[in-house]
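Chain by chain, the residues run as shown.
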Amino acid sequence: MRAVDVAVIGGGVIGAACARAAALRGLTVGIFEPGPDPAAASPASAGLLAAQIEPLDNGLVALAVRSRDQYQRLAAELRDTTGIDIGFWAGGIAAIALDDEEADHLKDAVARQRQAGLRCDWLAAADVHERWPGAAPDCRGALFAPEDGTVDPQALTRACLADARRLGAALIAERVEEVDRDGGRATGVITAAGATAAEHVVVAAGAWSGELRGLPRPLPVEPVRGQMAAVPWPGGPPAILYHDHGYVLARGGAALLGSTMERAGFDSRVTNEGLAQIFRGAVRLLPRLETQPVVRMWAGLRPGTPDGRPILGPDPDVERLWYATGHGRNGVLLASLTGEITGDLLARGETDVDIAALEVQRFQS
Ligand SMILES: Cc1cc2nc3c(=O)[nH]c(=O)nc-3n(C[C@H](O)[C@H](O)[C@H](O)COP(=O)(O)OP(=O)(O)OC[C@H]3O[C@@H](n4cnc5c(N)ncnc54)[C@H](O)[C@@H]3O)c2cc1C
């Protein structure tokens, strides 16, 4: 029988970050990933590091900022060890106000963030138009988070997997059917090819995490579809402009336009309605996009939870079973810190990050 210290179920950005962190701490790792599911979230993601822009609850903002702030170092490390450029860009994100009510709301958010010690600016409409000519003619100003930015999620996943493999991890192209348990302890995973013994099992199977057999409890992780489209960048300085869950992001000569939040089960098709919503929102942010040809459109399934927070940490009843799933809209942003937390839990049994609000038992009725 194969044996590893850690079996990671899923090789998306979260499984990859956890596997790398475990391998860096000297553990032998098997990453079970049958080949990214066509509906997987990580390859579909925009890769925004929008810690100060996304409507996160207060506890999560602190973790998101902490994770975002690790990316500069992580990008350099991964470039050194794997030669892969993860496309880290920290030129800031602007959340645009399109009416006076939104402007008041965003001005309050600027004040709150500054009070919390974060860098955050209010840009008047004239400043917005000077920085990004042609952006949102009816703009009433913007919250600008100068340290937010983006990474290329596909490159990040690839680089974390490559680094984990460099450190001895094995990528096993098999779908896990069941988590193996011996009473109150996880003992490995079972695939169609047989069993693998493991000291620790990490559930990182994205939207499919709740489908695994052998888990001691139902996992409230549900697919939330996000549709995206790409058009050529219409010129002007690169920018990330955001409004009401919709955004326009410059990457590699393209404008990535996102995204929808839909409960459509495991259906990851793009729809007329979804694309129409994205295009309407994007054109309000950058009207020059209106005449751009559509180059590509796609969709992926985010692993959503009822309260929008990830599920992270130990199972309370089954020893050595760990969760790293349910990252919803912000899994790329949170991948770096998730890896660090999970790596420390696996290697030392503890983490210096307070994860009480993320633990699975919060869903126990
Ligand atoms: C359109 C869109 C835009 C997004 N934009 C952003 C953004 O700008 N910023 C941000 O931070 N986040 C964003 N997200 C969210 C982010 O992409 C996700 O939170 C993150 O990718 C989740 O990663 P994951 O590894 O948990 O899941 P996934 O990437 O879905 O990976 C799960 C993996 O598990 C594998 N798997 C499933 N079942 C099994 C099994 N039984 N055995 C073995 N392997 C299995 C699948 O093949 C898959 O590869 C976006 C998501 C979408 C869809």
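Residues numbered from 1 in each chain as written. Predicted model: local features only at pLDDT ≥ 70, side-chain atom pairs only at ≥ 80, totals over all residues. Heavy atoms only, no water.

The next point concerns the packing of helix α1 (residues 13-24) against helix α7 (residues 153-166). Between α1 and α7, the shortest axis-to-axis distance is 8 Å and the interhelical angle comes to 30°. The orientation of α1 with respect to α7, classified from their angle, is roughly parallel. In this structure, α1 crosses over α7, and the sense of that crossing is left-handed. Listed contacts from α7 to Val13, Ala16, Ala17, Ala19, Arg20 and Ala23 of α1 are Leu156, Thr157, Cys160, Leu161, Asp163 and Ala164. (Axes fitted to C-alpha atoms, helices over the stretch in contact; angles between N-to-C directions. Helix = DSSP H or I, 4+ residues; strand = E, 2+ residues; numbered from the N terminus. Parallel < 35°, antiparallel > 145°, perpendicular 65-115°, else oblique. Left-handed = near helix turned anticlockwise from the far one by under 90°. Contact = heavy atoms within 4.5 Å.)

This part covers unusual backbone geometry. Not every positive phi belongs to a glycine, and alanine 136 is a case in point at roughly 30°. Assignment of secondary structure puts alanine 136 in the loop between α6 (125-131) and β6 (142-145). Classification of alanine 136 by relative accessible area gives buried; the value is 0%. Of note, the phi angle at arginine 320 is positive, near 65°, even though the residue is not glycine. Of note, arginine 320 is situated in the loop between β17 (311-314) and β18 (321-325). (Buried < 20%, exposed > 50% of the residue type's maximum accessible area, 1.4 Å probe, protein only.)

On to the domain arrangement of the protein chain. For the protein chain, the assigned domains are domain 1 (2-67 + 153-221 + 306-363) and domain 2 (90-147 + 222-304). Taking only C-alpha atoms into account, the centre of domain 1 sits 28 Å from that of domain 2. The interface is formed by 28 residues belonging to domain 1 together with 27 residues belonging to domain 2. Summed over both partners, the interface of domain 1 with domain 2 buries about 2200 Å², with 63% contributed by carbon and sulfur atoms. On the domain 1 side of the contact with domain 2, Gln52, Ile53 and Arg329 bury the most area, a combined 32% of that side's loss. In this assembly, domain 1 and domain 2 are joined by zero salt bridges. One can count nine residue pairs in polar contact (both at pLDDT 80 or more) joining domain 1 with domain 2. Here the side of domain 1 that touches domain 2 is built from residues that sort into 18 nonpolar, seven polar and three charged. (Domains from an automatic or database assignment. Buried area = accessible area lost by both parts, 1.4 Å probe. Salt bridge = Lys/Arg side-chain N within 4 Å of Asp/Glu carboxyl O. Polar contact = N/O pair within 3.5 Å; in protein donor to acceptor, adjacent residues only side chain to side chain. Nonpolar A, V, L, I, M, F, W, Y, C, P; charged D, E, K, R; others polar.)

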